Amino acid sequence: MVAALWGDGGAARPYPGLVIACVVVVLVAAGLALAGRQHWAGPLGVVAALWAAVLLYVDLDSGVPGNSTTVLLVSALAVTAGALIGGTRVLGAVIAVVLVAALAVSGAAWVPATAVSLTAGEPVVPAALAERPADQPWKWTGSGAVMAAVPAGAGVVIGARDESPGHDEIVGVDGPTGARRWSYARPDAALTALTATPDRALVVAAFAPGNDWRSHQSLLVTLDAMTGEPLSEWAGEAHPTTPTTTVLPIWQGIDDDHRVTGVDLRDGTRLWSWSAPAGCRPTADGPVSGADVLLVPLWCADTVTVLALDERTGEVRWEQSEPFAAGRFTTTTSPDGRVAAVTLPGRDPRLVWAESGEPVADLASGPRYPRVDLGVRPVAEERAAEEVLRAAVLDVETGEPTALDPRACPRPLDDATTATTYLRLCENADGVDLVWHTYGGPITRVPLPWSGRPPAVLLSVPGAVVAVRVGQPDVLGFPAA
């Protein structure tokens, strides 16, 4: 019982101390019963059972229950029954053990399952990432406002927030057709984050207990992006770090103790723990995930450093350091996790392979500020304030730049790249256009049925180019041409 209860039991609780205190009361009651003090053990067991029942009700009402309060309630009832029946201490112990074994096992499995609403999909072979869109889109409309969308599974995975509290859901949508493939929800819990692995095979969602958006704790759930089937879950931070292909890095910083724990996405096993060297602290943005490494930017006493930790072992795979200097210090990675842009203070930006730290392309001959988070090809820019003066898309295999025309989209809302095409959402006097430019080819423009200047996201997903208005229920998908 102690092993099951002393941790979180798979639940995200704002007040875990109440569960631990109840554990102590149950253990004291059990000790009194075994010592023959049934007249004390019985009443104390009743108090513990009532306490545990309240905790179980709160757990169920949160939408993210674990198994520990179930085990706690059954244990309290078993201790109470043993004390009230009386007789020998051996008889009381046997009764307690049998009840805990029989009821706790079934209850621990049943309670977390009651908080899940799942409609699973069938596995399929996903289409390739869309290179450029066709003219006629499909339209998907959810039950609530879209808060997040990520390329994953057979198309796009969408996190939708319903107007009614406690009705948030995650939906897998087919890229070529826009059909709803699967859905996952936890009634009475709020969806606070949604992200995908670089290979698009898994998604990680964070649910806050009881629709409490201010909670620092959430239940983290890993889902199969193809079917929606849950693979693992555990209590963690409300806004987790983006995962690598197989590991979710959990970053914790308390005073001078900054550490990362690597958790296996498929079974929730803690694989490793790494601590920052003495005298070093992370940048405000914290670690960034590549395909199979975690990049950790550090301010140290005499240096500025980027370390690459192996996703499975936590060991340092490569390191880049420069003498300490104040200034801009950023690290970003491409959606597929292959390429990283590293900007150390006082130094020009560098494009490197995330797995090795080796340089990708020389930025000296063109625009020098790369954006690698757009897609499979980075875009390098030169800016004056918010205006893009010149831009070029880079071939990461050869380093060759292809010039882009910023004037084709003077007021961009979002952009993305594929292997052959630069995609943009562009605001104009009449609304919003989807604009795409085949590298070295013509520019094509298609108006969207949008008005105003909404926060927007543009994605290349398996089988489609998807345009999302954050905060609105509609999603447009243009099947791949």
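Every value quoted in this text rests on a predicted model; they were computed, and no experiment measured them.

Before going further, it helps to spend a moment on unusual backbone geometry. Phi at arginine 200 is positive, roughly 65°, even though this residue is not glycine. Considering the arrangement of structural elements, one finds arginine 200 in the loop between strand 7 (190-196) and strand 8 (202-208).

The subject of this paragraph is the sheet that holds strand 30 (residues 443-448). Sheets are built from strands paired through backbone hydrogen bonds, the pairs being either parallel or antiparallel. Read from one edge to the other, the open sheet built from four strands follows the order 27-28-29-30, with strand pairing classed as antiparallel. The open sheet has two edge strands with one neighbour each: strand 27 (412-417) and strand 30. Recorded for the sheet is a direction-independent mean angle of 20° between the axes of neighbouring strands. By the bridge criterion, six bridges tie strand 29 (residues 431-438) to strand 30 in an arrangement that is antiparallel. Residue pairing in the sheet places leucine 434 in a bridge with valine 446 of strand 30.

For the protein, the mean per-residue pLDDT works out to 83, and 78% of the residues sit at or above 70. This model gives residues 101-114 a pLDDT under 50, and the stretch forms 21 contacts once residues within four places in sequence are excluded.

Buried residues dominate strand 31 (residues 456-461), accounting for five of its six residues. Of the strand pairs in this sheet, strand 31 and strand 32 (residues 464-469) are connected by six bridges, and their pairing is antiparallel. Bridging across to strand 32, valine 457 finds its partner in valine 468. Counting the residues in the hairpin turn of strand 31 and strand 32 gives two residues, including glycine 463, whose phi is positive at 85°.

Attention now moves to the layout of surface pockets. If you add up the space inside the largest pocket, you get close to 1,200 Å³. In terms of lining residues, the largest pocket is bounded by 46 residues, among which Pro151, Ser334, Pro335, Asp373 and Leu459 are the most central. Elements with a minimum of two residues in the lining of the largest pocket: strand 3 (145-152), strand 7, strand 15 (288-289), strand 19 (330-333), strand 27 and strand 31. Here the lining of the largest pocket gets six residues from one element, more than from any other, and that element is strand 3. Estimated volume of the second largest pocket: approximately 440 Å³.

The next point concerns empty space enclosed by the protein. Across all of its chains, the model carries two cavities of 30 Å³ or more by this definition. When its volume is computed, the second largest cavity comes out at roughly 40 Å³. Surrounding the second largest cavity, 13 residues form its lining, Ala154, Gly172, Val173, Trp182 and Ala225 being those nearest its centre. Of all the secondary-structure elements, those providing two or more residues to the lining of the second largest cavity are strand 4 (155-161), strand 5 (169-174) and strand 6 (180-185). Residues belonging to the lining of the second largest cavity are distributed by class as follows: eight nonpolar, three polar and two charged.

Analysis parameters
- Residues numbered from 1 in each chain as written.
- Predicted model: local features only at pLDDT ≥ 70, side-chain atom pairs only at ≥ 80, totals over all residues.
- Heavy atoms only, no water.
- Helix = DSSP H or I, 4+ residues; strand = E, 2+ residues; numbered from the N terminus.
- Pairing = 2+ DSSP bridges.
- Axes fitted to C-alpha atoms, helices over the stretch in contact; angles between N-to-C directions.
- pLDDT = per-residue confidence, 0-100.
- Contact = heavy atoms within 4.5 Å.
- Buried < 20%, exposed > 50% of the residue type's maximum accessible area, 1.4 Å probe, protein only.
- 1 Å grid on protein atoms, 1.4 Å probe; cavity = no way out; pocket = protein on both sides within 12 Å on 5 of 7 lines; lining within 4 Å.
- Points joined across faces, edges and corners; volume = space filled by probe spheres on them.
- Nonpolar A, V, L, I, M, F, W, Y, C, P; charged D, E, K, R; others polar.

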